[in-house]
Amino acid sequence: MSAPKHFLQFRDFSGEELAHLFERTRWIKERFKRYERYWPLADRTLVMIFEKASTRTRLSFEAGMQQLGGFAIYLNTRDSQLGRGEPVEDAAEVISRMCDIVMIRTFEQDIIERFARHSRVPVINGLTNEFHPCQILADIHTFIEHRGAIQGKTVAWIGDANNVCNTWLQAAEVLDFTVRVSTPPGYAVAPALAGLSGMDHYREFADPMDAARGADLVTTDVWTSMGFEAEDAARKQAFQDWQVDADMMRVAKPDALFMHCLPAHRGEEVAATVIDGSQSVVWDEAENRLHTQKALIEYLLLGRVTR
Ligand code: CP
Ligand code: NVA
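Let me sum up the structure you'll find in this document. (Residues numbered from 1 in each chain as written. Chains lettered and ligands numbered in written order. Predicted model: local features only at pLDDT ≥ 70, side-chain atom pairs only at ≥ 80, totals over all residues. Heavy atoms only, no water.)

**Things to note about the overall build of the protein chain**
Each helix and strand in the protein chain was counted, giving eleven helices and nine strands. Rg of the C-alpha trace for the protein chain: 19 Å, near the compact-globule value of 19 Å for 307 residues, within the 12% margin. With the C-alpha coordinates aligned to their principal axes, the bounding extent of the protein chain is approximately 50 × 45 × 35 Å. Taken across its 307 residues, the protein chain has 53% of its residues classed as buried. Here the analysis covers contacts within the protein chain between residues at least 6 apart in sequence; of these, 74% occur between residues at least 24 apart. (Helix = DSSP H or I, 4+ residues; strand = E, 2+ residues; numbered from the N terminus. Rg over C-alpha atoms; globule rule 2.2 N^0.38 Å. Buried < 20%, exposed > 50% of the residue type's maximum accessible area, 1.4 Å probe, protein only. Contact = heavy atoms within 4.5 Å.)

Dropping the structure here:
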């Protein structure tokens, strides 16, 4: 049996594969909006394993699988044997004999990598401490819908060098754009952890205003990600000056977009006037989780569909 293809990090896909996914996303989304049935995955089953909370990821995978004619099963650590110490390798062997594809949201990237090594079926990263590749698929599709190709463009990342930031950095290498990052001292990008092959596609700025200057897209995320709650008080102090506000949007390009993966904390990483303002495309981003992931599941299970 040949090894299945997985989506564990953004760089698992080439630029050419991503172009195919974005084209399929457009087709699948248009058809869905016209209420035209597309059920290529009848009788296929997705298992979703959540070790952390979720609204968008759970809903978009579950609804998406059903809209493709398949089924989705939700498992969490609390009421499965995963929470009682069953080795991840054993869980992968068993789960992957009973379904066609698996989505996992967990803590360390190592957990999902180990699961994938023992899985007979494709595994999708639904967020780890290090990466959130499905989010950036949706974000880049959203950028393309609003502004066209992202190649050669500039993205400003303001705040924590977290899983979403690391994934933007990988995406910049694969799709050839630049990320201008500004993080507080002590919270900088770790290139090895981000899985970067070089430093050609990002620049670091001490002052967030400098990072935002001239950007085509300004984006941020919570100051405290899931799993880091114990650091919350220290982070609230350290990140005070890393809020995306109207002044910051003013130094970006006049037609710059604002994105946030959500959930957001207005008054912390983003001002309400920005996230609720005219440059914000956060609801499109959230919706596009559904459409891009349907294209992703189609690709992992059926290969290059061209109809
Ligand atoms: N953006 C995102 O992944 O949201 P959830 O945590 O609600 O899934
Ligand atoms: N960086 C955030 C993203 C949530 C979707 C977290 O990991 O909690």
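**Some words on unusual backbone geometry**
Look at the link from Leu-262 to Pro-263: it is a cis peptide, with omega at 0°. Here Pro-263 lies in the loop between strand S9 (257–260) and helix H10 (272–275). Backbone geometry at Asp-176 places phi at a positive 60°, although glycine is not the residue there. As for its placement among the helices and strands, Asp-176 is situated in the loop between helix H6 (163–175) and strand S6 (178–182).

**Some remarks on the side chain of Thr-224**
Relative to the assigned elements, Thr-224 resides in the loop between strand S8 (217–220) and helix H8 (232–238). Excluding residues that lie within four positions of it along the chain, Thr-224 makes contacts with Glu-229, Asp-232 and Arg-235.

**Looking at the site of ligand 2**
In the neighbourhood of ligand 2, the contacting residues comprise Leu-127, Asn-162, Asn-163, Asp-221, Val-222, Ser-225, Met-226 and Leu-262. A distance of 3.3 Å separates a nitrogen atom of ligand 2 from a polar atom in the side chain of Asn-162. Here Ser-225 contributes a side-chain N or O atom positioned 2.7 Å from a nitrogen atom of ligand 2. If ligand 2 stood free it would expose 270 Å²; the protein chains cover 93% of that surface. Counted by class, the shell around ligand 2 contains four nonpolar, three polar and one charged residues. (Near = heavy atom within 4 Å. Polar contact = N/O pair within 3.5 Å; in protein donor to acceptor, adjacent residues only side chain to side chain. Areas by Shrake-Rupley, 256 points an atom, 1.4 Å probe, with all protein chains shown as cover. Nonpolar A, V, L, I, M, F, W, Y, C, P; charged D, E, K, R; others polar.)

**Some details on the packing of aromatic side chains**
Scanning all chains against the criterion turns up eight aromatic pairs. Where Phe-7 meets Phe-13, the ring centres are 4.7 Å apart and the plane angle is 35°; that geometry is what we call tilted. Here Phe-7 and Phe-13 have matching classes, each one buried. Taken together, Phe-7, Phe-10, Phe-13 and Tyr-299 form an aromatic cluster joined through their ring pairs. Directly above the aromatic system of Tyr-74 lies the positively charged group of Arg-58, at a separation of 3.8 Å from the ring centroid. The lysine or arginine in question, Lys-294, covers the ring of Phe-32, its NZ or CZ lying 4.2 Å from the ring centre. (Phe/Tyr/Trp six-rings, centres within 6.5 Å; stacked < 30°, edge-to-face > 60°. Lys NZ or Arg CZ within 6 Å of the ring centre and 35° of its normal.)

**Quick notes on the site of ligand 1**
Lining the immediate surroundings of ligand 1 are Ser-54, Thr-55, Arg-56, Thr-57, Arg-105, His-132, Gln-135, Cys-261, Leu-262 and Arg-289. Measuring from an oxygen atom of ligand 1, one finds a side-chain N or O atom of Arg-56 at 2.8 Å. Residue Gln-135 places a side-chain N or O atom 3.0 Å away from a nitrogen atom belonging to ligand 1. For ligand 1, whose unbound accessible area comes to 250 Å², protein coverage reaches 95%. When each cavity is represented as a set of grid points, ligand 1 is found to reside in the largest pocket. Among the residues forming the shell around ligand 1, the class breakdown is two nonpolar, five polar and three charged. (1 Å grid on protein atoms, 1.4 Å probe; cavity = no way out; pocket = protein on both sides within 12 Å on 5 of 7 lines; lining within 4 Å. Sits in = over half its atoms within 2 Å of the grid points.)

**Some words on the sheet that holds strand S2 (residues 71–76)**
One open sheet accounts for four strands, arranged S2-S1-S3-S4; its pairing is parallel. Edge positions in the sheet fall to S2 and strand S4 (123–125), since each of these pairs with one other strand and no more. Each neighbouring strand pair of the sheet contributes to a mean axis angle of 20°, computed without reference to strand direction. Relative to S2, strand S1 (residues 45–50) is paired through six bridges, and the arrangement is parallel. Bridge pairing in S2 links Leu-46 to Ala-72. Strand contacts of helix H4 (residues 109–117): S1, strand S3 (101–105) and S4, with the helix running at about 170° to S4, the strand carrying the most contacts. (Pairing = 2+ DSSP bridges. Axes fitted to C-alpha atoms, helices over the stretch in contact; angles between N-to-C directions.)

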